[in-house]
Structure formats: structure tokens, C-alpha cells
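# Geometric and topological summary
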Amino acid sequence: EDIIFDPNVLTIGTGMEEHANYGVDFINATKTIKEICPYVKISGGISNLSFGFRGVMKIRESIHSVFLHHAILESGMDVGIVNAHEMLALSEVEPEIKTGCDNLVFNKTPDATDVMLELTKKEKERLEALKNGGGAMEVKQTSWRDLDVTKRLEHALINGISQYVDQDVEEARQQAEKPLHIIEGPLMDGMNIIGDLFGAGKMFLPQVIKSARVMKKAVAYLIPFMEEEKREKLIAEGKNPEDFNENDDSNFAGKVLMATVKGDVHDIGKNIVAVVLGCNNYKVYDIGVMCSCELILEKAKEYNVDVIGLSGLITPSLDEMVVVAKEMSKGGFKQPLLIGGATTSKMHTAVKVSPNYFTLEHPVIHVLDASRSVTVVSSLLGENKEDYVTDIMEEYEEMREDYYAGLEDRYFLTFDQAKEQKLVIDFDAVPPAPAPNKLGVTVIDNVSLEDVVPYIDWNPFFQTWELRGRYPNRGYPKIFNDEAVGSEAKKLFDDAQKLMKEIIANKSMYLKGVVGLFAANSTEDGEDVNIYQSEDDRENGEPCHKFCMLRQQSEKESDDPYLSQADFIAPAGYKDHLGMFAVSCFGCEELVAKYESEHDDYNKIMSQALADRFVEAFAEYLHRVIRTDMWGYAKDESLNEEDLLKIKYVGVRPAPGYPSQPDHTEKTTMWNAIKAKELAGITLSESLSMIPAASVSALVFAHPQSCYFAVGQVGKDQVQSYAERKNMELELAERWLSPILNYERD
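A brief structural summary.

Parameters and conventions
- Residues numbered from 1 in each chain as written.
- Predicted model: local features only at pLDDT ≥ 70, side-chain atom pairs only at ≥ 80, totals over all residues.
- Heavy atoms only, no water.
- Helix = DSSP H or I, 4+ residues; strand = E, 2+ residues; numbered from the N terminus.
- Expected span 1.5 Å × (residues − 1).
- Buried < 20%, exposed > 50% of the residue type's maximum accessible area, 1.4 Å probe, protein only.
- Pairing = 2+ DSSP bridges.
- Contact = heavy atoms within 4.5 Å.
- Axes fitted to C-alpha atoms, helices over the stretch in contact; angles between N-to-C directions.
- Disulfide = S-S within 2.5 Å.
- Salt bridge = Lys/Arg side-chain N within 4 Å of Asp/Glu carboxyl O.
- Patch = residues over 30% accessible without salt bridge, like charges linked within 9 Å, V, L, I, M, F, W, Y side chains within 5 Å.
- Areas by Shrake-Rupley, 256 points an atom, 1.4 Å probe, with all protein chains shown as cover.
- Phe/Tyr/Trp six-rings, centres within 6.5 Å; stacked < 30°, edge-to-face > 60°.
- Lys, Arg positive; Asp, Glu negative; His and termini not counted.
- Charge placed at Lys NZ, Arg CZ, Asp CG, Glu CD.
- Polar contact = N/O pair within 3.5 Å; in protein donor to acceptor, adjacent residues only side chain to side chain.
- Core = buried A, V, L, I, M, F, W, Y, C linked by side-chain atoms within 4.5 Å.

## Digging into helix α21 (residues 601–630)
With 30 residues, α21 extends 41 Å between its outermost C-alpha atoms, agreeing within 8% with the 44 Å of an ideal straight helix rising 1.5 Å per residue. Within α21, 25 of the 30 residues are buried, leaving the element largely enclosed by the surrounding structure. Following α21 by one or two positions, G632 adopts a phi angle in the positive range, close to 80 degrees.

## What to know about the sheet that holds strand β2 (residues 41–45)
Taken in spatial order, the three strands make up an open sheet running β1-β2-β3, and their pairing is parallel. Either end of the sheet is taken by a strand with one partner, and the two such strands are β1 (4–5) and β3 (79–81). Inspection of the sheet shows β1 paired to β2 by two bridges, in the parallel sense. Bridging from a neighbouring strand, I4 pairs with K41 of β2. Across the sheet, helix α1 (residues 22–36) touches β1 and β2, and the angle it forms with β2 is around 160 degrees.

## Section: unusual backbone geometry
Most peptide bonds take the trans form, and the phi angle of most residues other than glycine is negative. Cis geometry marks the peptide bond from Y471 to P472, where omega comes out at 10 degrees. For P472, the location among the structural elements is in the loop between α17 (459–464) and α18 (486–506). Of note, the bond from Y476 into P477 is cis; its omega dihedral lies within 30 degrees of zero at 0 degrees. By the element assignment, P477 lies in the loop between α17 and α18. Despite not being glycine, N304 shows a phi value in the positive range, around 50 degrees. Here N304 is to be found in the loop between α10 (293–303) and β6 (307–311). Given the relative accessible area of 53%, N304 is considered exposed. If you check the backbone angles, N727 has positive phi at about 55 degrees while not being a glycine.

## Quick look at the state of the cysteines
Overall, the coordinates contain zero disulfides when judged by the stated rule. A disulfide-free cysteine, C588 has its sulfur positioned 6.7 Å from the sulfur of C585, the nearest such atom.

## Overview of the pattern of salt bridges
Applying the stated criterion across every chain, the model contains 36 salt bridges. Residue E666 pairs with K726 through a salt bridge whose shortest N-O separation is 2.5 Å. Of this pair, E666 sits in helix α23 (residues 666–674) while K726 sits in helix α25 (residues 716–726); the two residues are 60 residues apart in sequence, bridging distant segments of the chain. Look at E666 and you get buried, because its relative accessible area is 4%. Relative accessible area serves as the criterion here: at 18%, K726 is assigned to the buried category. One salt-bridge network, held together by shared partners, links K58, E94, E123 and R126.

## Some remarks on a nonpolar patch on the surface
Taken together, the side chains of V441, V443 and L679 present a nonpolar region at the surface, about 180 Å² in accessible area. If you trace the backbone, L679 turns up in helix α24 (residues 676–680).

## Brief notes about the packing of aromatic side chains
In the structure shown here, the tally under the stated rule is 22 aromatic pairs. Residues Y476 and F493 carry aromatic rings whose centres are separated by 5.4 Å and whose planes lie at 40 degrees to one another, so their mutual orientation is tilted. Here the residue Y476 occupies a position in the loop between α17 and α18, and F493 occupies one in helix α18, the gap between them amounting to 17 residues. Centroid distance F568 to F709: 6.1 Å. Interplanar angle 80 degrees. Geometry classified as edge-to-face. Taken together, the positions of F568 in the loop between β12 (545–548) and β13 (576–586) and F709 in the loop between β16 (695–700) and α25 put the pair 141 residues apart, joining distant regions of the chain. In this structure, F568 and F709 share a single accessibility class: buried. By way of ring pairs, the aromatic residues W458, F461, F462, Y476, F480 and F493 are connected into one cluster.

## Some points on a negative patch on the surface
On the surface, a cluster of negative charge is made up of E386, D387, D391, E394, E397, E398, E401 and D402. Checked against the element boundaries, E398 lands in helix α14 (residues 385–409).

## Observations concerning the environment of H362
With respect to the helices, strands and loops of the structure, H362 is situated in the loop between α12 (346–353) and β8 (364–366). Residues H362 and L380, 18 residues apart in the sequence, show an inter-C-alpha distance of 9.0 Å. Residues in contact with H362, not counting those within four places in the same chain, are F333, K334, Q335, P336 and Y357. Of the polar contacts made by the side chain of H362, one reaches the backbone oxygen of Y357; its length is 2.8 Å.

## Describing the pairing of strand β7 (residues 337–340)
Side chains of β7 alternate between two faces, with L337 and I339 and L338 and G340 buried alike. Inspection of the sheet shows β6 paired to β7 by four bridges, in the parallel sense. Pairing of L310 across the sheet is with I339, part of β7. Here β7 runs beside β8; their pairing, made up of three bridges, is parallel.

## Overview of the nonpolar core
I296, I308, L337, F462, W465, F581 and F614 are the most contacted members of the largest nonpolar core, which has 138 residues in total. With 15 residues, α21 is the single largest residue contributor to this core. If we skip the residues at most four places from it in the chain, W465 touches L205, P206, I209, L492, Y602, I605, M606 and A609. Counting 44 residues, the second largest nonpolar core, distinct from the first, contains F427, C548, A676 and L741.

## Observations regarding the sheet that holds strand β4 (residues 254–260)
Within the open sheet, the five strands sit side by side as β5-β4-β6-β7-β8. Their pairing is parallel. The open sheet has two free edges, formed respectively by β5 (282–286) and β8, since each of these has just one partner strand. Neighbour to neighbour, the strand axes of the sheet diverge by 25 degrees on average, direction disregarded. Contacts between α10 and the sheet are confined to β4, β5 and β6, with β4 contributing the most and set at about 165 degrees to the helix.

Here it is as C-alpha cells:
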């Protein structure tokens, strides 16, 4: 009798299928607990139940009333945490709302959430009418389609509705003196509102991208009429219409050239920035991916741009950005240089890039994400440019001073000292994993998109779209409960699910990869790993390839060892193995081209984001297959997808070019070993970026003491040893390892 059970009362009406039964589950659980333990008390915090309808108390009170009626009278609930002042008796709930609440609480109909949202909308309209002095008058049911055409176009832009664009633009064209007036009038008015809302944090990136889709479709519809009008005008003036400059960009707020640098194929972030700038009346010249320095500078001159933006994802791109900055300085360029992309940082920009080009006239500025791009560009082209640039110049100077002071304070072991304090695994006490069930190279071409969907980690998806929930609603699916971004996150997620189902149904994307499982041992010096085609080759000491590894050197305050991936592989005398794979999601480029032709940036970016999710899920799926079947060292593993994402399995799969082995050239060794290009069609750019862009590669270590770690900065003594072991010129090795050197290159 003194025991109180407090089962969770969780939110219903979120639109997520897995949440739909939370209400009825609580009612049934209460009944079950009472049947098993008849004398205990049952409590519950009721406000969580209707959290998705916050701000509309009548709806929330009605949901609580229906829920409590059944939970108390039918199941025996004793105590509820609720604001008694705001409670409604069941008899006080309006019949229509009561039916909606009943369907929602008991998940009786698939459209229960949609019905409640519509009831909520009506209640909001009623409250708004009261607030405006309309008394209890009936709210007139009107549609935005009843507005005049200019207001309809503004509404469509602000709300990202592209369904009626062509017919509305045609109607507006019939009324306008010139097609251009439609762009300069209602379309730009709508885009200005969007820019203001986005800048004020009242509109989110997915909404902006949807708005841009409407704008592009509207402009595309008008272009033939505008071109014909210009042609007729030139003929009337006695001029040759063929001499007309189609790239006239005098009406824009500024011109920005954007490029993904040489060797890098990743452009989803760049695409988003281009759309956001376009929404704010900047002319963006996006010249694509894998752009050489020469092409970037040539196009900057050709288009006479005001700002140049460089993007990149892989670490070699950092060095390429430095090259571009140096060449801009040599060429006498005057445009500000913007740096962005996942691998970039404000510190790298301040320390490595800006000293090569930064002046008050043409600064070098790191742009963290799309939402900052408009502020940066408008500041650079505005009246207060000097003050803005001076502040950044001073900030970057301080950062450089801090960086170099930090290097002086940081201590590094010599390479020999680090080797003496390496991780020593007792391979007798904890032996290597058993031999794989299938040695050699295997093509993986029988995995469908449906197979990998359960393995998708949706958190990076929302990060791509710059939607971030605040504690306690960080991450998927809690982000849907976030007061600021929850609603938009749910719409975005629903759109993703819809497109994902289309892609799966029409097979416009597909997965392919290749796996290699090889006999392996660490080298005699313990710094690298040899792999062998067969056990006979191992016995004869005839490796087919050698993977070179890097070791931590930055001094530690603890007794922790100085790690290298080579430590995880047993030396000669033991039968150890090393796995590896490369996987890709194909078809995204064609889908992107399709949506580009339809002026649909929203689905273009959504396609890229989904391709990234598919291939990461494919890697997760395949790693599990390797552990449980192909290698089979964890055949009894029974982890669910959530545990997999939390890395609760045995072994690790670090990727070449990332913290545990930050040298992208090791991909070349992997590609040669598993024939990724020949067998799976996955290629490498000159900077060793994987093509297609939605690709993942990794080494697979099976020993239970293997782990993820960051090599951090390394000294010249290790780089010299590393270059010798790779048969690589020291200068070339230093270039590839540039981001992690603890010294300045000559």
C-alpha cells in the first residue's frame, strides 16, 4: 500500500507512428499493474501527454480529460500530476473535440493526429478573433487561394508551396506591364520577408530551401517571356538580339563565386549556402566540384564576382585552400575569400589560410554554416565593411598568437619514446579473432535500400539541415519535441520519408560495395601491418600489401599508451586478420540532375542528404554482416540498431583519412587490395576523395582491445620514418599530413 508506481506518460500526437500508442499503452499498463499488485498506487505526470499541442490549452485540457477518465475509472489510476485549475470534466468537452481526443488517445484512426491538428488550428483562429475584438463570432473559413494573385505569390514563397506556381505567375503576368515587375514585386517582397525571418531565427533552413524552390520555378516560368521581350526591344532599337548579354546581373545585391576545391567531390553544404544567398538576392555562380585553382581564378575574373567562396570536406582540401589563397595574392585579386566545409575551422583559417591573403580590402573569413553566410557577405559588401573586417583581423591575430603559444607549451615525445610506450596486447591471454569464414575479396551487390533503412542514424540528417534541438530535446527523435525547431524537424522528416519511399520504389538509388578479409600481422618494428593473400603467403613471408600507420606523440598526463592501429594486430607467429570495405550509394547524381532541371533545390539537397544516410547505414549493416557471418568472430551478437549506433559491438572500423589514421593515401593501398574501382565502380579523385560522394571506406579490426582514437599532431621524426616506410618523398608525405604536423613545413 505504500508503493507508488509512476509509469511514463509520453507524448502522443507527434505524427510518429511509434508514439501513437503511448496513451493507450499507459492505460493498459495501469490496469495490468493493478491486477498483479492490487494495493499499490499508480501515479503519472499528465502534461507530457499533450506536449505536442502546447499553447492551446483547450485542446490540451480536452486530451487530459479523455485520458484521465479512462485511466482512472477503467484502469485504476490513483494520482495524476496536473494543474487542477485547468482541468475539464468529460461532459464539458465539445463533442467534436471529444471524438478527436478519443481517437488520438486510443490510436483508433490513422489520421487521429491530423484531425487534432486541424481542431487545434480552428481553436487558434477562434482565440485570435477574440483577441482582435471579434467576440465569440464564428471564424470565417477562408483560404489563401482567395487572396489576390500578388498576395498568393508572397504566401506561396513564404510557405514553400510550389503546387500553384505556374498558374499564379501566369495570372500575375497577364496583369503586369512587364514580366520583370513580377520578380521585382511580389516575388522579391516574399523573398525579403524570408530573409528577414531567417536572419531573425524565426524561419529554418528547410523552409528557406522550399521557398527557393518556389522562387526558381516562378522565375523559370517567366524567363522565356522576359527573353522574348528583350529580343523585341533590341530589334525595335535596331540592335542585333544575338549580341545581348544573357548574364546581365546588375540587379543583384552582389555576386559570389562558389567552388568545391580540387580533388573534393562533396557539395551538399555548398549547395545549401548557394540557395540561402540566392534567397537574399545575391547572384551565385556555383562552378561545381573538383575545381582546380586555375579554374576558380579564371571564373572569378570572367564573372567579375565580389566574393569567392571555397568548400571542402576531406583534409587534403585544407591544403588546397591555402594554395588558392596564395595564388589569389600573387594574381592581385581583391575579392574577400570565404572558407567553409566540414573539415574546415576558424582556427585553420586564421593560422594557415589567412596569412597568405588577408588584408582590410580582401579578408579571409571562415563561415561556420549556411545561416551565417548572408551576414558575412552583406557585411563585406556593406558600408561598415572596414569595422567588420578589422574586428575579424584582430580576432584571427589573437587566435594565431594563442595557437603558436600553445605549440610552445605542448610537449611531444620523440617517435622512439612513443614506440616504447605503445599499447602491448597479450595475444596469448586475449588471442586474435578466429579466421574468417570467407577469406579474400567479396563483391556486395545484393543489399537493398530497404535492408539498410533500420540502420539509419538520423542525427546527422538534421545537422545537415541545421536543425538543432536544445536540451533535453537534442537528437533524434527528441528533436520533434523541441519548442523552437520541433515542428519544422517533423515536417522535414516526413518529407524525407516520402522521398525515401519513392527512391526505394523506383530504385533510383542502389547500393554496391566490396569487402576484403586478409591474413595479417604487424611488421617487425610494430608500426605497420602486412596483409597476405593466403596462409601459404603468410608462412612464406610474402605480403601482398602493407598498411602504414601513425602513432600518437603528444605527451599525456596519464599512463595511457601511445596508440597506433598497428598495435591491434598481432605480430608474426600469430594467425591474425584484417578486414576492410568500401561501399557507395549510386544514382544520387542522376536524381540531383533531375531535380536541378526542375528548379527543385529542396529535393535536390534532400536526395544528397538521403544518399549520405543510405551509405552510412550500409556501412553499419555490412560491418554487422562481417562480424556475424563473413568473418564470424561475433556470430552470437544480438545487438539492436540503437546499440550498434552506440558502438557496443566488438571491434572497430576506422576510416583512412580520419583521426585514427589521418593519411588519405592509405586509401590507395586499400583500393589496390580490394579492387574497389574494378569490382564496385568506386573511384578516387586526385585528392583521394571517394566517388560517388556518398561513399564510405574503413579498415575492420576484430580484437576486443582495439578502439577508436585520434593520432593528433606528429613530429618530424615520425614523418621521416613514415615516409621511408611508405617509399614516399618526405615533402610529399608532409603535404598529405599537413593538418597534423607539429612543425612548419619548409
